[in-house]
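# An overview of the molecular structure
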Amino acid sequence: MSRMTRSMATVCLSGTLEDKLDAAAAAGFDGVEIFESDLVSSPWSPERIREHCAESGLSVEMYQPFRDFEAVGPETLARNLRRAERKFDLMQRLGTDLLLVCSSTSPEAAADDDLAAEHLRTLAEHAAERGLRIAYEALAWGRHVDTWEHSAEIVRRADHPALGLCLDSFHVLSRAQRDPEVTDPAGVARIPGEKVFFLQLADAPYLETDVLQWSRHHRLFPGQGSFALAEFTAAVLAAGYRGPLSLEVFNDVYRQAEPGRVAVDAMRSLIALEEEVGRRADGPERERVTLTAPPQAPELAGIAFAELAVDAEWGHRIARVLAAMGFAHRGEHRSKPVQLWQQGDARILLNFGAEQDTAVSAIAVETADPEASALRAEALLAPRLPRTPGPAEADLSAVAAPDGTEVFFCRTGADSTGWLSDFVLTGAALDTPTALTRLDHVALAQPFDHFDEATLFYRAVLGLAPRHDSEFAAPFGLVRHRAVTDPGGRVRLALHGTVLRRGEWAPGVPDPQHVALATDDIIASARAMRARGVPLLSIPDNYYDDLEARLDLDPALVAELRECQVLYDRDADCEFFHCHTEVLGGRVFFEVVQRTGGYAGYGAVNAPVRMAAHRAARRG
Ligand SMILES: O=C(O)c1ccc(O)c(O)c1
Ligand SMILES: [Mg+2]
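Residues numbered from 1 in each chain as written. Chains lettered and ligands numbered in written order. Predicted model: local features only at pLDDT ≥ 70, side-chain atom pairs only at ≥ 80, totals over all residues.

### Some words on the sheet that holds strand β8 (residues 245-247)
Read around the barrel, eight strands follow the order β1-β2-β3-β4-β5-β6-β7-β8 and close on themselves; strand pairing throughout is parallel. Across the sheet, the axes of successive neighbouring strands diverge by a mean angle of 30 degrees, strand direction being ignored. As judged from the five bridges shared by strand β4 (residues 98-102) and strand β5 (residues 133-137), these two strands associate in the parallel manner. Within β5, the position partnered with leucine 99 by the bridge is isoleucine 134. On the sheet, helix α6 (residues 148-158) packs against β5 and β6 (163-168) and is oriented at approximately 170 degrees with respect to β6. (Pairing = 2+ DSSP bridges. Helix = DSSP H or I, 4+ residues; strand = E, 2+ residues; numbered from the N terminus. Axes fitted to C-alpha atoms, helices over the stretch in contact; angles between N-to-C directions. Contact = placed C-beta atoms within 7 Å.)

Dropping the structure here:
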């Protein structure tokens, strides 16, 4: 019993065919679907492509697409069959036996299932003479055939062993999203297994746009969108399908992005999908399919520390801000220019070794099993960071996230502060002069092009779940926000970035990263911080006037919020209070938050006000 093979359509990647094949092979794919346009524009002969694939460990799983074939008049049919013979020649030179035929979009196609079946049967007979096969795919915008049920019915009528189906999760699930009474994805489990020739996988966000535009621009890798892909894949496996899991993702960003990085993202999505399918496909199916699964994500207990990379100038200024915020300078690293600052259970490291602008450079999560966390991360293609512990230094395993953030794993519980032995303690007292208790969340800015990759990475690697998607209009453009959290809400990462980047006016990072600290009494914390000289962000009066008008709050509360420059949000009976420092250095600030009644969001409604206030503070 071997594992399922993994494949991708060349259309997923940027570059020419040669770039794409190299990227797919380097990311560990077993095969590719070769797109006609990539082949036509390649300087390599089909034989050379075949050889190159073989040398790179790639099989050519399918050639595609072959369009507008079925249910046409006799002359067009004759022409289409001649066209097919030429493609069959090409496929034999390429070394693939499978041709994808998509349902016709041509006005010439008749709404006649028997005619379509007859034509596809003829095509299959010709293919079979050469040992080739045909996979018929219902495009969601096919002229007459636009559901998997309809394509399956035509294949059933044609009844030829060389004719089967290509199931494409995008077409199936987008149609089901639009017309749940017309088509049912769960039904694919009842297709005779030998009739499913190929499975293409793509996720997508739910959009109201035209389905063709949706498909050609907005497909995503599994786990990056809103489609129930694990459920769908499990249903296809339940039908008996054992061919490749093949990604077919048309996406404007991926078409322009560095193909090596995209191929790794793609492979990570497939590994995570297989894991999820494996969790579902219990019962007899589990015995018959081998799905790879990385080590399970251990339970997380919190964020042990956040590390800021700082240059000398800003490092000293941020150290002064931390002191004013009530943090104690608790220790100095034994071998590196790193300071440990702490208040309550909130720990912040300042790493002076960086030659870069201030940024969140690392986070550490407390895990029940650091080694399992690191092995899981590696299994999901996160590069492990080399650690060279000195004497008396804890051997913390760490991996690099695609956004450059280093993710450390420390043990939960009694041992959770084992990494503290890396530090020579200063003996500074651990008071809580501003009542900060722990790290609430860390917000990491993501360039638009890497937003989906980042979500998938943190979600899959750390076993977090995406929550609180929002989009809001901010001074420098529309901002997208998505949190990933563990079930207990103890590890919260907030990812944000602009939805679009155009021109030079808006700052490259319109919304800096931040580290948010929790308090049980925001008013007390804010007053104490102000008294100690923390550069707190000024919020316009207009905001508080609007708050009063909007939420019918107790005027005494609004007066307190106004006095302390605290922002407010409410969700049913839960409340959220937050205040912020000015931006320190290029791209970091601190936030102090208070959650009541289980408020689980991030005050996104206030983010534009905060961003405008940061802009005002910078202008001075
Ligand atoms: O957008 C298209 O035309 C197209 C082509 C081939 C496919 O497999 C597909 O799903 C879509
Ligand atoms: Mg397809």
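Now that the structure has been shown, the text picks up again.
### Considering the site of ligand 1
Near ligand 1 you find Gln64, Pro65, Leu100, Cys102, Glu137, Leu139, Asp168, Gln200, Ser215, Arg216 and Glu248, and these make up its full shell. Among the elements of the structure, β3 (59-66), β4 and α8 (211-218) are those that each provide at least two residues to the shell around ligand 1. A per-class count over the shell around ligand 1 returns four nonpolar, three polar and four charged. (Near = placed C-beta within 6 Å. Nonpolar A, V, L, I, M, F, W, Y, C, P; charged D, E, K, R; others polar.)

### Notes on the pairing of strand β21 (residues 513-519)
When you tally the buried positions in β21, you get seven out of seven residues, the bulk of the element. In β21, alternate side chains face the same way, and those of Gln513, Val515, Leu517 and Thr519 on one face and His514, Ala516 and Ala518 on the other are all buried. Sheet topology note: the strand β17 (residues 436-445)/β21 ladder contains six bridges and is antiparallel. From the neighbouring strand, leucine 439 faces β21, where its bridge partner is leucine 517. Sheet analysis places β21 next to strand β24 (residues 588-596), joined by six bridges and oriented parallel. Across the sheet, the residue bridging to histidine 514 is phenylalanine 589, located in β24. (Buried ≥ 20, exposed ≤ 12 C-beta atoms within 10 Å, placed from the backbone.)

### Some thoughts on the nonpolar core
The biggest cluster of nonpolar side chains holds 197 residues, and the ones touching the most others in it are Ile134, Ala135 and Ile348. Both domain 1 (6-288) and domain 2 (300-619) contribute no fewer than three residues apiece to this core. (Core = buried A, V, L, I, M, F, W, Y, C linked by C-beta atoms within 7 Å. Domains from an automatic or database assignment.)

### Observations regarding the domain arrangement of the chain
Here the chain is described as being made up of domain 1 (6-288) and domain 2 (300-619). Computed over C-alpha atoms, the centres of domain 1 and domain 2 are 43 Å apart. The interface of domain 1 with domain 2 comprises 13 residues on the first partner and eleven residues on the second. Of the residues belonging to the side of domain 1 that touches domain 2, the class tally is eight nonpolar, three polar and two charged.

### Considering the sheet that holds strand β10 (residues 328-333)
Spatial ordering of the open sheet is given by β14-β15-β13-β9-β12-β11-β10-β16, a layout of eight strands whose pairing is mixed. Both edges of this open sheet fall to β14 (397-400) and β16 (423-425), since each of them pairs with a single strand only. Taking each pair of neighbouring strands and ignoring which way they run, the sheet shows an average axis angle of 30 degrees. Pairing of strand β11 (residues 338-343) with strand β12 (residues 346-351) involves six bridges; the strand directions are antiparallel. Note that in β12 the partner of glutamine 342 across the bridge is arginine 347. Relative to the sheet, helix α12 (residues 312-324) contacts β9 (300-309), β11 and β12, its axis offset from that of β12 by approximately 165 degrees.

### Comments concerning helix α9 (residues 229-239)
Within α9, ten of the eleven residues are buried, leaving the element largely enclosed by the surrounding structure. Looking at α9, one finds that the buried residues are Leu229, Ala230, Phe232, Thr233, Ala234, Ala235, Val236, Leu237, Ala238 and Ala239. Just past α9, the residue glycine 240 takes up positive phi, approximately 115 degrees.

### Quick notes on the UniProt feature "binding site: a divalent metal cation" (unreviewed entry) in the chain
In this numbering, the UniProt entry assigns the feature "binding site: a divalent metal cation" (unreviewed entry) to Glu137, Asp168, Gln200 and Glu248. Spanning 112 residues, the named residues form one tight spatial group whose C-alpha atoms are at most 12.9 Å apart. Turning to its location among the elements, aspartate 168 is positioned in strand β6. Apart from residues lying up to four places away in sequence, aspartate 168 is in contact with Glu137, Gln200 and Glu248. Its place among the elements puts glutamine 200 in strand β7 (residues 196-201). (UniProt positions renumbered as here; feature names shortened; annotations may be inferred.)

### Quick notes on the UniProt feature "binding site: Mg(2+)" (unreviewed entry) in the chain
When the UniProt feature table is mapped to this numbering, "binding site: Mg(2+)" (unreviewed entry) covers His441, His514 and Glu591. These residues run over 151 residues, yet every pair of their C-alpha atoms falls within 9.3 Å of each other. In this view, histidine 514 contacts Ala443, Val588, Phe589, Phe590 and Glu591; residues no more than four positions away in its chain are not counted. We classify glutamate 591 as buried; it has 22 C-beta atoms within 10 Å. When sequence neighbours within four positions are dropped, the list of residues in contact with glutamate 591 reads His514, Ala516, His578 and His580.

### Quick word on the packing of helix α4 (residues 74-94) against helix α5 (residues 113-129)
The relative placement of two packed helices comes down to the angle between their axes together with the axis-to-axis distance. It is the contact of α4 with α5, at a shortest axis distance of 11 Å, that shows an interaxial angle of 30 degrees. Between α4 and α5, the interaxial angle falls into the category roughly parallel. Seen along the crossing, α4 lies across α5 with a hand that is right-handed. Note on element contacts: α5 touches α4 through His119, Thr122, Leu123, His126 and Ala127, opposite Leu77, Leu81, Ala84, Glu85 and Phe88. (Parallel < 35°, antiparallel > 145°, perpendicular 65-115°, else oblique. Left-handed = near helix turned anticlockwise from the far one by under 90°.)

### Side note on the environment of aspartate 112
Its location among the elements puts aspartate 112 in the loop between β4 and α5. Residues aspartate 112 and valine 145 lie 33 residues apart in sequence; the distance between their C-alpha atoms is 9.9 Å.

### Considering the environment of glutamate 276
Here glutamate 276 shows up in helix α10 (residues 259-280). Separated by 16 residues in sequence, glutamate 276 and threonine 292 have C-alpha atoms that sit 10.0 Å apart.

### Here we look at the confidence of the model for the chain
Here the chain averages 94 in pLDDT, while 96% of its residues score no lower than 70. With pTM at 0.95, the complex prediction returns an ipTM value of 0.99. (pLDDT = per-residue confidence, 0-100.)

### A closer look at α6
When α6 is considered as a whole, its buried residues turn out to be Trp148, Ser151, Ala152, Ile154, Val155 and Ala158. One face of α6 carries all of its buried residues, which in axial projection span an arc of 160 degrees. Downstream of α6 by one or two residues, aspartate 159 has phi in the positive range, about 50 degrees. (Arc of directions from axis to C-beta.)

### Here we look at unusual backbone geometry
Of the consecutive residues glutamine 64 and proline 65, the connecting peptide bond is found in the cis state with omega at -10 degrees. Along the chain, proline 65 turns up in strand β3. Of note in this structure, alanine 71 is not a glycine but carries a positive phi near 60 degrees. Summarising the element assignment, alanine 71 is placed in the loop between β3 and α4. Here alanine 71 falls in the buried class, since 27 other C-beta atoms lie within 10 Å of it. Notably, aspartate 159 is not glycine yet its phi reads approximately 50 degrees, a positive angle. With respect to the helices and strands, the residue aspartate 159 is situated in the loop between α6 and β6.

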